[in-house]
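Chain residues, written in single-letter form:
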Amino acid sequence: MAKKFKDLRDNMSPERCANVSERTNDLLAEMPMYELRRAMRLSQEQIAEELEIKQGSVSKLERRTDLYISTLRRYIEAMGGNLELRANFPDGSVSISSLGEVKELTDKLELAQNVL
């Protein structure tokens, strides 16, 4: 006879519940692009329409092992999200702003040095 999940969960020790919760959070924090899209209940066709590309291109995009950050940003934005880029170090993490801003800042610094 099948048991109800609620009964199984209620009989778990607090330590086991904590372990399961931690593992669940780990799995949710890291997932492939296609699983993220599915979790958002979106189809490849919906993403393709938002990106103004063909469905097959979305399929290829989701299977790629390497892609431009701008492409990933557009994909995330098509799902209604916002891409954040972070660098993690032993001493802490740093949010990296738009890579275009870094070049713009470098150009401004070079211009300022030339003026001086």
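Criteria and cut-off values
- Residues numbered from 1 in each chain as written.
- Predicted model: local features only at pLDDT ≥ 70, side-chain atom pairs only at ≥ 80, totals over all residues.
- Heavy atoms only, no water.
- Axes fitted to C-alpha atoms, helices over the stretch in contact; angles between N-to-C directions.
- Helix = DSSP H or I, 4+ residues; strand = E, 2+ residues; numbered from the N terminus.
- Parallel < 35°, antiparallel > 145°, perpendicular 65-115°, else oblique.
- Left-handed = near helix turned anticlockwise from the far one by under 90°.
- Contact = heavy atoms within 4.5 Å.
- Core = buried A, V, L, I, M, F, W, Y, C linked by side-chain atoms within 4.5 Å.
- Buried < 20%, exposed > 50% of the residue type's maximum accessible area, 1.4 Å probe, protein only.
- Salt bridge = Lys/Arg side-chain N within 4 Å of Asp/Glu carboxyl O.

### Re the packing of helix α4 (residues 44-51) against helix α6 (residues 69-78)
At a minimum axis separation of 9 Å, α4 and α6 run at an interaxial angle of 115 degrees. Here α4 is positioned roughly perpendicular relative to α6, judged by the angle of their axes. Remark: the crossing between α4 and α6 carries right-handed chirality. Touching Ile 47, Glu 50 and Leu 51 of α4 are Arg 74, Tyr 75 and Ala 78, all from α6.

### Brief notes about the nonpolar core
Listed in full, the 10 residues of the largest apolar core are Met 33, Ile 47, Ala 48, Leu 51, Val 58, Leu 61, Tyr 75, Ile 76, Ala 78 and Met 79. If you list the elements that add at least two residues to this core, you get α4, α5 (55-63) and α6. In this structure Ile 76 touches Leu 36, Gly 81, Asn 82 and Leu 83, once residues within four positions along its chain are discounted.

### So, the pattern of salt bridges
Counted by the stated rule, this structure contains 2 salt bridges. The shortest N-O distance in the salt bridge between Lys 6 and Asp 10 comes to 2.9 Å. Here Asp 10 and Lys 6 lie together in helix α1 (residues 5-10), a separation of 4 residues that amounts to about one turn. The closest approach of N and O atoms between Arg 37 and Glu 62, which form a salt bridge, is 2.5 Å. On the criterion of sequence distance, the pair formed by Arg 37 in helix α3 (residues 33-39) and Glu 62 in helix α5 is long-range, its members being 25 residues apart. Residue Arg 37 shares its accessibility class with Glu 62, and that shared class is buried.

### With respect to unusual backbone geometry
Backbone geometry at Arg 41 places phi at a positive 60 degrees, although glycine is not the residue there. Looking at where Arg 41 falls in the secondary structure, it is placed in the loop between α3 and α4. Exposure remark for Arg 41: the relative accessible area of 76% places this residue in the exposed category. Look at Glu 52: it is not a glycine, yet its phi comes out positive at around 60 degrees. Its place among the elements puts Glu 52 in the loop between α4 and α5.

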